[in-house]
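Spelled out, the chains give:
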Amino acid sequence: MKIMVAIKRVVDYAVKIRVKPDKSGVETKNVKMSMNPFCEIALEEALRIKQSGLASEVVAVSIGPVQFSETLRTGLAMGADRAIHVEAPENIYPLTIAKILKALVDVEKPGLLLLGKQAIDNDQNQTGQMVAGLLRWPQGTFASKVVLDKEKQVATVDREVDGGIETLCLDLPAVITTDLRLNQPRYATLPNIMKAKSKPIKKFTPQDLNVEIKSDFEVVEVTEPPKRKAGLILSSVDELIDKLKIEARVI
C-alpha cells in the first residue's frame, strides 16, 4: 500500500507573528519557515505505518511556490521515499488545495491519504474534509490513534471530540487528519538530510492536473487581537467578590 502525505510550509511556530502594515496578511519576509506541526505528525504516522510493514511507500506532497520544495526536502530527510511539488501561488484556499490533492490521488492511487488536521497559519481545518468529499472516501478527522488491518483493508481511528474519544472503522482507501496526541515526530538526522538531496521531487502545475486556480473568498483585513489589560492584585476575597459583582457582573 502507498501512503500519500500532504505537507505545508508555514511560519515557524516559535516565531512571533507580525501583521503587515497594510493589514493584508502576516509578515513572511525574512521570517523562519518550517513544516506545519500537524503535517509533521501526519508524516511521522505514515513512516511508522511503513516501518510496521503495512505500507510499501510514503509520498510527500506540497502545493505552493518554489520555496515549498525546501519543506519537501525536510520530509524526505525524515524518511519519505519521494516527493511531489505542485508549483502554485502561495495564497490559495482549501477547496483549490483539495481539488489538486484529488487530482494527485487519481494519478498516484494511494491506499491512504494523511493530512494534518489544520495549518497553524490560517487554522481553517477544511482541506481534509473537502478532499474526502471530492474523492468520496471515508474520513477520520482529529485522529489520536490509527490502527490498520491489512487483511480486512480497514483502518480503526480514535478521534478526539468534545465528549472524549470516538472510535471509527474506515474502509480503505480513506482520508485521515492527524491531531497532536497521535505521535511525536522524529528529527531528521544529518546523514538523512544529505541523502534527501538526491531523492526525487516530481514537479506538477495545477494546469497539468486540470485544476483551475481561483479564489473562493477574499481576505478583507488582518488585524492583531486587542491587547489585554494588566491584571489586578486584590487584598482580600471580599474585594474579589465586589469586583466580580460590580465590574465584571458575573455573579
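Residues numbered from 1 in each chain as written. Predicted model: local features only at pLDDT ≥ 70, side-chain atom pairs only at ≥ 80, totals over all residues. Heavy atoms only, no water.

As recorded by an unreviewed UniProt entry, the protein carries the name Electron transfer flavoprotein subunit beta and is attributed to Nicotiana tabacum. Note on the protein: under the UniProt heading Function (unreviewed entry), the record states "The electron transfer flavoprotein serves as a specific electron acceptor for several dehydrogenases, including five acyl-CoA dehydrogenases, glutaryl-CoA and sarcosine dehydrogenase. It transfers the electrons to the main mitochondrial respiratory chain via ETF-ubiquinone oxidoreductase (ETF dehydrogenase)." You can read under Subcellular location (unreviewed entry) in the UniProt record for the protein the words "Mitochondrion matrix". (UniProt positions renumbered as here; feature names shortened; annotations may be inferred.)

Caption draft 1: Broad picture of the overall build of the protein. Within the protein one finds six helices and eleven strands. With respect to the principal axes defined by its C-alpha atoms, the protein has extents near 65 × 45 × 40 Å. Evaluated residue by residue, the protein yields a buried proportion of 44% over its 251 residues. Long-range contacts, defined as pairs at least 24 residues apart, comprise 70% of the intrachain contacts of the protein with a sequence gap of at least 6. For the protein, the accessible area works out to roughly 14500 Å², and carbon and sulfur atoms hold 52% of it. For the protein, the centre of its 36 positive side-chain charges and the centre of its 33 negative side-chain charges are spaced 4 Å apart. (Helix = DSSP H or I, 4+ residues; strand = E, 2+ residues; numbered from the N terminus. Buried < 20%, exposed > 50% of the residue type's maximum accessible area, 1.4 Å probe, protein only. Contact = heavy atoms within 4.5 Å. Areas by Shrake-Rupley, 256 points an atom, 1.4 Å probe, with all protein chains shown as cover. Lys, Arg positive; Asp, Glu negative; His and termini not counted. Charge placed at Lys NZ, Arg CZ, Asp CG, Glu CD.)

Caption draft 2: Spotlight on the environment of Gly 116. For Gly 116, the location among the structural elements is in strand S6 (residues 112-116). Overall, Gly 116 belongs to the buried group, its relative accessible area being 13%. On a C-alpha basis, the gap between Gly 116 and Glu 166 in space is 18 Å, while along the polypeptide they are 50 residues apart. In this view, Gly 116 contacts Phe 38, Cys 39, Ala 42, Thr 177 and Thr 178; residues no more than four positions away in its chain are not counted.

Caption draft 3: A look at the pattern of salt bridges. A full pass over the atoms with the stated rule returns 14 salt bridges. Here Lys 8 makes a salt bridge to Asp 121, at a shortest N to O gap of 3.0 Å. Taken together, the positions of Lys 8 in the loop between strand S1 (2-6) and strand S2 (9-11) and Asp 121 in the loop between S6 and helix H4 (127-135) put the pair 113 residues apart, joining distant regions of the chain. The class of Lys 8 is partly exposed, set by a relative accessible area of 25%. With its nearest N and O atoms 3.2 Å apart, the salt bridge here joins Lys 117 to Asp 179. You can see Lys 117 sitting in the loop between S6 and H4 and its partner Asp 179 sitting in the loop between strand S10 (174-178) and helix H5 (190-196), a full 62 residues away along the chain. (Salt bridge = Lys/Arg side-chain N within 4 Å of Asp/Glu carboxyl O.)

Caption draft 4: Inspection of the pairing of strand S5 (residues 82-87) at higher detail. Taken together, the six bridges between strand S4 (residues 57-64) and S5 define a ladder with parallel strand orientation. Within S5, the position partnered with Val 61 by the bridge is Ile 84. Bridging between S5 and strand S11 (residues 201-204) involves four bridges; their strand directions are parallel. From the neighbouring strand, Ala 83 faces S11, where its bridge partner is Ile 201. (Pairing = 2+ DSSP bridges.)

Caption draft 5: Structural detail: the nonpolar core. Ranked by internal contacts, the top residues of the largest apolar core, which has 34 residues, are Ile 3, Val 5, Leu 43, Leu 112, Leu 114 and Ile 176. When residues of this core are traced back to their parent elements, those giving at least two are S1, helix H1 (37-51), S4, helix H2 (68-78), S6, strand S7 (139-149), strand S8 (154-161) and S10. With seven residues, the single largest contributor to this core is H1. If we skip the residues at most four places from it in the chain, Leu 112 touches Met 1, Lys 2, Ile 3, Met 4, Ile 49, Leu 148, Leu 172, Ala 174 and Ile 176. One finds Met 4, Ile 92, Ile 97 and Leu 113 within the second-largest nonpolar core, a separate group that totals 26 residues. (Core = buried A, V, L, I, M, F, W, Y, C linked by side-chain atoms within 4.5 Å.)

Caption draft 6: Representation of H2 within the structure. The buried count for H2 comes to eight of eleven residues, which makes it a mostly enclosed element. Looking one or two residues past H2, Gly 79 carries a phi angle of roughly 140°, positive in sign.

Caption draft 7: Quick look at unusual backbone geometry. The residue after Leu 172, namely Pro 173, is reached through a cis peptide bond having omega 5°. Tracing the backbone through its elements, the reader meets Pro 173 in the loop between strand S9 (164-171) and S10. Positioned with a positive phi, Phe 142 is a non-glycine residue whose angle comes to about 55°. With respect to the helices and strands, Phe 142 occurs in strand S7. One non-glycine residue, Asn 210, adopts positive backbone phi at about 60°. Locating Asn 210 in the fold gives a position in the loop between S11 and helix H6 (237-248).

Caption draft 8: The arrangement of the pairing of S9 in detail. Pairing analysis gives eight bridges linking S8 to S9, with the strands arranged antiparallel. The residue bridging Val 154 from the neighbouring strand is Asp 171, located in S9.

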